[in-house]
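# What the coordinates show
So the chains spell out like this:
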Amino acid sequence: MKNVTSQQGKEIMERFKMEAASEVGVNLKNGYNGDLTSREAGSVGGQMVKVMCPEQQWNFTRNNVKMMGHVHNIVLSAEIVV
């Protein structure tokens, strides 16, 4: 992995934030964005988390052993933390 200075890291995160904002339709400006609603700011942060920590889902179907003919769908979710 390439070594990144503190300033480079800030610039990378700023670009990432701008990309996330455009994906959810929030118009961010460089600098102060205090005029954003909580919903808009939260949607940007939520999009960033979604990209950084994707959730994986697996679907299983199993037969109920106590009641013949009954089928249960089971969804297991696992979060991959990097």
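This section reports on the structure supplied with the text. The shown structure was predicted, so the numbers you read here are calculated from the model rather than taken from an experiment. (Residues numbered from 1 in each chain as written. Predicted model: local features only at pLDDT ≥ 70, side-chain atom pairs only at ≥ 80, totals over all residues. Heavy atoms only, no water.)

## Brief notes about helix 2 (residues 38-52)
Because an α-helix completes one turn every 3.6 residues, residues spaced three or four positions apart along the sequence face the same direction. How we decide: The secondary structure listing takes helices from DSSP runs of H or I that are at least 4 residues long and strands from runs of E that are at least 2 residues long, numbered from the N terminus. By this rule, a helix spans an expected 1.5 Å times one less than how many residues it contains. When accessible area is computed with a 1.4 Å probe and restricted to protein chains, residues below 20% of their type maximum are described as buried, those above 50% as exposed, and intermediate ones as partly exposed. This arc is built from the directions going out from the helix axis to the C-beta atoms.
Here helix 2 contains 15 residues, and its C-alpha end-to-end distance of 21 Å stays within 8% of the 21 Å for a straight helix at 1.5 Å per residue. Listed as buried for helix 2 are Val44, Gln47 and Met48. Here the buried residues of helix 2 occupy an arc of 100° about the axis, which is enough to place them on one side. Every exposed residue of helix 2 that faces more than 90 degrees away from the buried side is listed here: Ser38, Arg39 and Lys50.

## Side note on the side chain of Gln47
Put simply, the rule reads: As used in this structure description, the phrase polar contact means that two N or O atoms lie within 3.5 Å; if the pair is within protein, one of them must be able to donate a hydrogen and the other to accept it, and residues adjacent in sequence are counted only when both atoms belong to side chains. By the convention used here, residues are in contact when the closest approach between their heavy atoms is within 4.5 Å.
Along the chain, Gln47 turns up in helix 2. The exposure class assigned to Gln47 is buried, which follows from its relative accessible area of 15%. Reaching out from Gln47, the side chain makes a polar contact with the side chain of Glu23 at a distance of 2.6 Å. Ignoring sequence-local partners within four residues, the contact set of Gln47 consists of Ala20, Glu23 and Val24.

## A closer look at the nonpolar core
To be explicit about the condition: Grouping buried Ala, Val, Leu, Ile, Met, Phe, Trp, Tyr and Cys residues that are joined through side-chain atoms within 4.5 Å yields what is termed a nonpolar core.
Grouped together as the largest cluster of nonpolar side chains are seven residues: Phe16, Ala20, Ala21, Val26, Leu28, Val44 and Met48. Listing elements by their share of this core, those giving two or more residues are helix 1 (6-24) and helix 2. In terms of residue count, helix 1 provides more of this core than any other element does, three residues in total. Dropping the residues within four chain positions of it, Leu28 is found in contact with Lys17, Met18, Ala21, Asn33 and Leu36.

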